[in-house]
Amino acid sequence: MSEPLDASAAWDRLRRIRTTDEAFAAGMVADGDGGLRWGRPATPEAVELADRYLPLCLAGPRVAFAQLGQSLDGFIATRTGDADYVTGAEDRCHLHRLRALSDAVVVGAGTAVADDPQLTVRACAGDHPVRVVLDPRGRVPRGSGVFTDGAAPTLWVVGPEVTPTARGAGTEVLALPDVAAFAPERLLAALAERGLGRVLIEGGGVTVSRFLQEGALHRLYVTVAPVLLGDGVPGLRFPGTPVMREALRPPLRRALLGEDTLFELELRASGAPSGGPED
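What this report covers is the structure whose coordinates are included nearby.

A word on helix H1 (residues 7-14). Every buried residue belonging to H1 is among Ala 10, Trp 11 and Leu 14, and all of these are buried. One side of H1 holds all its buried residues, which, seen down the axis, span an arc of 95 degrees. On its buried face, H1 sits against strand E2 (36-38), helix H3 (44-57) and helix H4 (89-100). Backbone nitrogen of Ser 8 and a side-chain oxygen of the N-cap are separated by 3.4 Å at the start of H1; the cap is Asp 6.

If you want it as structure tokens, here you go:
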């Protein structure tokens, strides 16, 4: 009897799947309930990986999804900006898997300045996405790692009043014609024109909230850690409804990541018309 499919081999297959035909070629079969499962014996970890990530793998060539890790009381960092770390190691591995399943990973200027993130795939196997830095006013320092480390391609997105200055090798400048071009749907269209259709919006809370508010996200992953900060940098914030029954209640799935709880919200199907949270 052959050895069961383990987590490492399962992830190696999953990260290459983009269509149902590719899923079949990777060894998956119909499960009889409209879904797919591994066609050979698999470890519980391999089954869990397929359950968690196959919907995103099969979401199509144009999909926008976001991820946030936050405290129980809704903060992604302390009042001083310290976010090292809100959630645990299993959530960081989850984030790196999301990066590996994306063509591009997007952060706003505030996150780039505060955290100087690497935005690369290190906690799991996978290719680095293109790092997209939204910097309308050109305030991200030229010495930031995303511009100088050469670890992955970087797209520096600036506004019309910014004079692009020299950045490190592997950094390309995309100058948008006006502030309106930074609107989520227009920005996603501009990235898709460059072949970057699968986009992870990683941070910070302001950027993720803006994409959520304007209905540009297909999926949202929120990991909640069992910690109370009391005050700090907020996660999701958008104009809410005064009536509870009109609040956004999308379909969701839950999973445990160590001590943390992952909530996966399906906001709209890939290719569906966009709309704000009130839709």
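Moving on from the model shown.
In this chain, Asp 84 is followed by Tyr 85 through a cis amide linkage whose omega measures -5 degrees. That bond from Gly 203 to Gly 204 is cis: its omega, -5 degrees, falls within 30 degrees of zero. Its location among the elements puts Gly 204 in the loop between strand E9 (198-203) and helix H8 (205-213). A positive phi angle is found at Leu 119, which is not glycine, with a value near 60 degrees. Looking at where Leu 119 falls in the secondary structure, it is placed in the loop between helix H5 (109-115) and strand E6 (130-135).

It is worth spelling out the sheet that holds strand E8 (residues 171-175) at this point. Spatially, E8-E7-E6-E5-E9-E3-E10-E13-E12 is the arrangement adopted by the nine strands of the open sheet, whose pairing is mixed. The open sheet is flanked by E8 and strand E12 (252-257), the only strands paired with a single partner. Looking at each pair of strands side by side, their axes are set apart by 20 degrees on average, direction ignored. Pairing analysis gives four bridges linking strand E5 (residues 104-108) to E9, with the strands arranged parallel.

Before going further, it helps to examine the side chain of Glu 202. Inspection of the secondary structure puts Glu 202 in strand E9. Among the polar contacts listed, one links the side chain of Glu 202 to the side chain of Arg 99, at a separation of 2.7 Å. Beyond its immediate stretch of four places on either side in the chain, Glu 202 contacts Gln 67, Leu 68, Leu 95, Arg 99, Val 105, Val 106, Val 107, Leu 119 and Val 208.

Here we come to the nonpolar core. Formed by 41 residues in total, the largest nonpolar core has its most connected members in Trp 11, Leu 14, Ile 17 and Trp 38. For this core, the elements supplying multiple residues, two or more each, are H1, H3, strand E3 (63-71), H4, E5, H5, helix H6 (145-148) and strand E7 (154-158). Sorting elements by how many residues they give to this core places H3 first, with seven residues. When near neighbours in sequence (up to four residues on either side) are disregarded, Trp 11 contacts Leu 49, Tyr 53, Arg 97, Ala 100, Leu 101, Cys 124 and Ala 125. One finds Val 130, Leu 155, Leu 188 and Leu 265 within the second-largest nonpolar core, a separate group that totals 30 residues.

The rules behind each value
Residues numbered from 1 in each chain as written. Predicted model: local features only at pLDDT ≥ 70, side-chain atom pairs only at ≥ 80, totals over all residues. Heavy atoms only, no water. Buried < 20%, exposed > 50% of the residue type's maximum accessible area, 1.4 Å probe, protein only. Helix = DSSP H or I, 4+ residues; strand = E, 2+ residues; numbered from the N terminus. Arc of directions from axis to C-beta. Contact = heavy atoms within 4.5 Å. Polar contact = N/O pair within 3.5 Å; in protein donor to acceptor, adjacent residues only side chain to side chain. Pairing = 2+ DSSP bridges. Axes fitted to C-alpha atoms, helices over the stretch in contact; angles between N-to-C directions. Core = buried A, V, L, I, M, F, W, Y, C linked by side-chain atoms within 4.5 Å.

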